[in-house]
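# Structural features, examined
Okay, here's what each chain looks like letter by letter:
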Amino acid sequence: MAANAQGTAQVMDFEEYVRNRQEALLRSARRLVPDPIDAQDLVQTALARTYPRWGDIADKSLADAYMRRVMINTRTEWWRARRLEEVPTPELPEGSVDDGAEQRADRAMLLDALGMLAPKQRQVVLLRHYRQLSTEETAHVLGMSVGTVKSTLHRALARLRAELERQSNGYGRPVEPATGGTEGVCAAA
């Protein structure tokens, strides 16, 4: 019975430590790995590896240092286990630098195509896809029914696809934006 009570106390002690130090551990993990999801995975893995040895840590004030060491070791294991996707070749490949011109051109084309939409269609598209509101939230913001938002979005996306295809093929007249630009919708949403 005493061993069971000691085990329960150890579990509660570990849970309290995790609750109190979770944010600090996540900050430490973010310094070790750049991706936030990988940082969360690193903390979870370190906690899973530390839990069985929690009773062995005599001075709990050193638990953070112990956890950091476990995270560093885990990150090193991950790094060593990664697959190299590089293949050695006798000649160096052509170097290319992405200056972002293509991305800016795509953005300009999309903004031009958005300008071709009716104001309500543009608002629905921006709220649903730029602001990532749900259909219900979009309906509430615009004072429309959910069905109206869905049908408006369907028609707007079909028109956008057609406009983008026309623009990318270079056919048709130059695009002249409709009245009521996208700026007001983004700021209001």
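Structural data are supplied above this passage.
Residues numbered from 1 in each chain as written. Predicted model: local features only at pLDDT ≥ 70, side-chain atom pairs only at ≥ 80, totals over all residues. Heavy atoms only, no water.

Right, let's get into the packing of aromatic side chains. Under the counting rule described, the total for this entry stands at three aromatic pairs. Ring pairs connect the aromatic residues Phe14, Tyr17, Tyr51 and Trp54, which therefore count as one cluster. Over the ring of Trp54 we find Lys60, and its NZ or CZ is 4.6 Å from the ring centre. (Phe/Tyr/Trp six-rings, centres within 6.5 Å; stacked < 30°, edge-to-face > 60°. Lys NZ or Arg CZ within 6 Å of the ring centre and 35° of its normal.)

It is worth spelling out the pattern of salt bridges at this point. In this structure the tally under the stated criterion is three salt bridges. Residue Asp64 pairs with Arg21 through a salt bridge whose shortest N-O separation is 2.6 Å. In this pair, Asp64 is assigned in helix α3 (residues 63–81) and Arg21 in helix α1 (residues 2–32), connecting sequence segments 43 residues apart. Residue classification places Asp64 among the buried positions, given a relative accessible area of 17%. Arg21 gets classed as partly exposed once you look at its relative accessible area, which sits at 31%. Arg166 is the salt-bridge partner of Glu163, the closest N and O atoms lying 2.8 Å from each other. Of this pair, Glu163 and Arg166 both sit in helix α7 (residues 146–169), three residues apart, roughly one helical turn. A residue is classified by how much of its surface remains accessible, and Glu163, at 11% relative accessible area, is buried. (Salt bridge = Lys/Arg side-chain N within 4 Å of Asp/Glu carboxyl O. Helix = DSSP H or I, 4+ residues; strand = E, 2+ residues; numbered from the N terminus. Buried < 20%, exposed > 50% of the residue type's maximum accessible area, 1.4 Å probe, protein only.)

Put simply, helix α6 (residues 135–142) and α7 touch, their axes get as near as 8 Å, and they point 105° apart. Compared by their axis directions, α6 and α7 come out roughly perpendicular. Mapping the contact onto sequence places Thr135, Glu136, Thr138 and Ala139 in α6 and Val146, Val149 and Lys150 in α7. Among the residues forming the contact of α6 with α7, the class breakdown is three nonpolar, two polar and two charged. (Axes fitted to C-alpha atoms, helices over the stretch in contact; angles between N-to-C directions. Parallel < 35°, antiparallel > 145°, perpendicular 65-115°, else oblique. Contact = heavy atoms within 4.5 Å. Nonpolar A, V, L, I, M, F, W, Y, C, P; charged D, E, K, R; others polar.)

Of all hydrophobic cores here, the largest spans 17 residues; its most connected members are Tyr17, Leu25, Leu47 and Met71. Elements supplying a minimum of two residues to this core: α1, α2 (36–50) and α3. Not counting the four nearest positions on each side in its chain, Tyr17 is found in contact with Gln22, Leu25, Trp54, Ala63, Asp64 and Met67. Residues Leu117, Leu126, Ala139 and Leu160 belong to the second largest nonpolar core, which totals 15 residues. (Core = buried A, V, L, I, M, F, W, Y, C linked by side-chain atoms within 4.5 Å.)

Attention now goes to unusual backbone geometry. One non-glycine residue, Gln132, adopts positive backbone phi at about 60°. By secondary structure assignment, the location of Gln132 is in the loop between α5 (119–130) and α6. Judged by its relative accessible area of 65%, Gln132 is exposed.

Read these as geometric descriptors, not functional statements.
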